[in-house]
Amino acid sequence: MQGCHVRSNRRSWARVPLLVAAIASGAMFACARAPGTAVATPGPPPYDRKLGLESFDTAWSLVNRRHFDTTFNGVDWNALRIELRPRAASATSREALRAVMREMLSRLRQSHFALIPEEAAGSLSRREVSGNRGAEDAAAAPGDAGLEIRVLEGEFVVMRVAPGSGAARAGLRPGWILRRVGDMQLAEVLARMPVELNAADVRLRAALIAESLLDGAEGSTVRVQAGGARGRAKQYTIVRTLVRGEPVNYGNLPRMYTRFEQARDTAGGATIGYIAFNSWMPTIMRHFDSAVDAMRQMDGIVIDLRGNLGGVGGLVMGTAGHFLNERLSLGTMRMRDGDLRFVANPRRVTADGRRVVPFTGPVAILTDGLSASTSELFAGGMQAIGRARVFGDT
């Protein structure tokens, strides 16, 4: 999965299109998928082998200096550099170098370590898109097809179709199987997954790749082949619409778009509140606070974290405080230079200064294979203190 990253001031790091995930620095966030981040900028400069080797050394050194675990999860980090550096030195392309660096990070056998290519780190609204994504307008706003994809039993299944999106207007439906995007057979995506990944990581990465293939410039088109599980797949042309959500720039991460949803449902004489959001960013929290305030008298609240890849870890403390009557710890983040305790205090005052009582009704949290990082911290913490029940995939 894509992780968060930091930049080095070294010349090689600034010029070479490689960025390393920053959990090694003790940063307490992971990142949600940014639409279009797989887009490649046409015409890369010639590969500089000397600069590539400097980049490998910089990446190795960054992890060496900042990894929270000084034992590197049992990996001999110095020996790994000796093993892989000759391959980095002999690489003849950026992609070949990236493959060596990805292998280096994968040896840690830990999440949140990945490369974010340079071409994914710029502003989406200024990036020219190509191939499946259409090259009609280099300055066009980013768009998407309006589909959320999950990989189930080896198939790319449409989990959700956004109302009013290009996919909805084209007639695609939840539960359909997506077989092709543009010229890419999605079965090839699974076939190309690194062999060292476990099944859960394969499903996560494959789903994100499929969704990235659907991204592109607003107003451009993408051809897909899809259909019901028993029906014959048909060709559909989807006109991409403006990416849904509020644009957020956070640190050096690619721009992302946050979305928030709330609703209420009455069944069996009970009134249930529903909250869903796609990433843990500060812009989401004012919506969350307002939603909980509107649901204080309801019989229960469902928090839907399916597809939520994470965000700013510290936000779980204030969020959990809406549901606690006492000060409790959700867990501890262990960093290289010390520990950070995630302690949640009861939220007894609203943003506008009104005194309230934290919600005391039942809380259910929904998860799936794309609920990661901060979403896992929140769900696991709330479950561990007995304040919520978790439903869905681990």
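Each chain carries its own residue numbering, running from 1 in the direction its sequence is written. Given that the model is predicted, a residue must reach a pLDDT of at least 70 before its local features are reported, and side-chain atom pairs must reach 80 or more before they are shown or counted; all residues, however, enter totals for whole chains, interfaces and linings. As a convention, hydrogens and water are excluded, and side-chain values are obtained from all of the structure's heavy atoms.

Only DSSP runs of H or I reaching four residues or more are called helices, and only runs of E reaching two or more are called strands; each is numbered from the N terminus. Relative to the elements of secondary structure, N64 occurs in helix α2 (residues 49-66). The rule is simple: take the accessible area with a 1.4 Å probe, protein chains only, and divide by the maximum for that residue type; under 20% is buried, over 50% is exposed, in between is partly exposed. Residue N64 is classed as partly exposed on the basis of its relative accessible area of 23%. A sequence separation of 13 residues divides N64 from W77, and the C-alpha atoms of the two residues are 7.3 Å apart.

The next point concerns the side chain of N278. With respect to the secondary-structure elements, N278 resides in the loop between β13 (270-277) and α8 (282-294). Of note is the side chain of N278, whose polar atom sits 2.8 Å from the backbone oxygen of Y257. At 2.7 Å, the side chain of N278 forms a polar contact with the backbone nitrogen of R259. Definition of a polar contact: a pair of N or O atoms within 3.5 Å, with one able to donate and the other able to accept a hydrogen when the atoms are protein atoms, and with sequence-neighbouring residues admitted only if both atoms are side-chain atoms.

Let's shift gears to the pattern of salt bridges. Side-chain pairs of opposite charge can arise where the charged atoms are in close proximity. Basic side-chain nitrogens of Lys or Arg form a salt bridge, by our definition, when they fall within 4 Å of a carboxyl oxygen of Asp or Glu. Tallied over the entire structure, the rule returns 22 salt bridges. Here E148 ties to R160 by a salt bridge, and the two come within 3.5 Å at their closest N and O atoms. Within this pair, whereas E148 is found in strand β2 (residues 147-152), its partner R160 is found in strand β3 (residues 155-161), the two being separated by 12 residues in sequence. Among the residues examined, E148 registers a relative accessible area of 14% and is labelled buried. Where E246 meets R286, a salt bridge forms, and the shortest distance between an N and an O atom there is 3.3 Å. Here E246, found in strand β10 (residues 246-248), pairs with R286, found in helix α8; they are 40 residues apart in sequence, far enough to count as distant. Using a relative accessible area of 47% as the deciding quantity, one classes R286 as partly exposed.

Our focus in this paragraph is the sheet that holds strand β1 (residues 142-144). Spatially, the three strands line up as an open sheet ordered β6-β1-β9, and their pairing is antiparallel. Where the open sheet ends on each side, the last strands, each with one partner, are β6 (216-217) and β9 (241-242). Strands qualify as paired when DSSP identifies two bridges or more between them. By the bridge criterion, two bridges tie β1 to β6 in an arrangement that is antiparallel. By the bridge assignment, P142 is partnered in β6 with A217.

Examined against the element boundaries, D48 turns out to sit in the loop between α1 (11-15) and α2. The sequence separation of D48 and A91 amounts to 43 residues, and the corresponding C-alpha distance is 9.7 Å. A distance of 3.1 Å separates a polar atom in the side chain of D48 from the backbone nitrogen of L51.

Its 13 residues place the ends of helix α4 (residues 94-106) 18 Å apart at the C-alpha level, agreeing with the 18 Å of an ideal helix rising 1.5 Å per residue. Here α4 has its buried residues at L97, R98, V100, M101, M104 and L105. Along the axis of α4, the buried residues cluster in a sector spanning 160°; they form a single face. Should any heavy atoms of two residues lie within 4.5 Å, those residues are considered in contact. Buried residues along α4 sit against α2 and α3 (77-90). To estimate how far a helix should reach, multiply one less than its number of residues by 1.5 Å. Taking the helix axis as origin, the arc is that swept by the directions to the C-beta atoms.

A few words on the side chain of S165. Looking at the secondary structure, you find S165 in the loop between β3 and α5 (166-170). What makes S165 buried here is its relative accessible area of 2%. Here A162 takes part through its backbone oxygen, which lies 2.6 Å from a polar atom of the side chain of S165. Those residues in contact with S165 that sit more than four places away from it in its chain are A145, G146 and T241.

Next up on the list: the confidence of the model for the chain. Per residue, pLDDT measures the predictor's confidence, with a range of 0 to 100. Model confidence for the chain is summarised by a mean pLDDT of 83, while 82% of its residues fall at 70 or above. Confidence over residues 1-41 falls short of pLDDT 50; this stretch has 156 contacts with residues more than four positions distant or in other chains. Scored below 50 in pLDDT, residues 121-138 shows 55 contacts in the model against residues more than four places distant or in partner chains.

Geometry is summarised by axes, namely lines fitted to C-alpha atoms with helices restricted to the contacting stretch, and by angles between N-to-C directions that run from 0 to 180 degrees. Axis separation between α2 and α4 bottoms out at 10 Å; the angle between their running directions is 15°. By the angle between their axes, α2 is roughly parallel relative to α4. In terms of crossing hand, the pair formed by α2 and α4 is right-handed. Only L97, V100, M101, M104 and L105 of α4 make contact with α2, whose side of the interface consists of G52, S55, F56, A59, W60 and V63. Angles are sorted into four bins: roughly parallel if under 35 degrees, roughly antiparallel if over 145, roughly perpendicular if 65 to 115, and oblique for all others. Left-handed is the label given to a crossing in which the near helix is rotated counterclockwise from the far helix by less than a right angle, and right-handed is the label when the rotation is clockwise.

This next bit is on the packing of α2 against α3. When two helices pack together, you describe them by how their axes are tilted relative to each other and by the distance separating the axes. Between α2 and α3, the least distance of the axes is 9 Å, while the angle of their chain directions is 165°. Put simply, α2 runs roughly antiparallel to α3. Like other packed secondary-structure pairs, α2 and α3 cross with a definite hand, here right-handed. Side by side, α2 and α3 meet where R49, L53, F56, D57, W60, V63 and N64 of the first sit next to W77, N78, R81, L84, R85, A88, A89 and S90 of the second. Polar here means any residue outside two lists: the nonpolar Ala, Val, Leu, Ile, Met, Phe, Trp, Tyr, Cys and Pro, and the charged Asp, Glu, Lys and Arg; Gly therefore counts as polar. Its residues assigned to classes, the contact of α2 with α3 comprises eight nonpolar, three polar and four charged.

Attention now goes to the nonpolar core. Soluble globular proteins tend to pack their nonpolar side chains together in the buried interior. Nonpolar core, defined: a set of buried Ala, Val, Leu, Ile, Met, Phe, Trp, Tyr and Cys residues in which side-chain atoms within 4.5 Å join the residues together. Residues I275, F277, W280, I303, F323, I365 and F378 are the most contacted members of the largest nonpolar core, which totals 34 residues. For this core, the elements supplying multiple residues, two or more each, are β13, α8, β14 (300-304), α9 (315-321), β15 (328-335), β16 (338-344), β17 (363-367) and α10 (374-384). In terms of residues, this core owes the most to one element, α8, which gives five residues. Beyond its immediate sequence surroundings of up to four residues, F323 is in contact with F288, V292, I301, I303, P358, F359, V363, M382 and R387.

Once that is clear, we can look at the sheet that holds β17. What holds strands together in a sheet is hydrogen bonding between their backbones, with the strands either parallel or antiparallel. The strand order across the open sheet formed by five strands is β12-β13-β14-β17-β18, and the pairing between neighbours is mixed. For this open sheet the edge positions go to β12 (260-267) and β18 (389-392), each flanked by a neighbour on one side alone. Strand after strand, the sheet turns through a mean of 20° between neighbouring axes, direction not considered. Across four bridges, the pairing between β17 and β18 is parallel. When the bridges of β18 are listed, L366 appears paired with F391. Against the sheet, α8 engages β12, β13 and β14, with an angle of about 20° to β12. With respect to the sheet, α10 is in contact with β14, β17 and β18, its orientation differing from that of β17 by roughly 145°.

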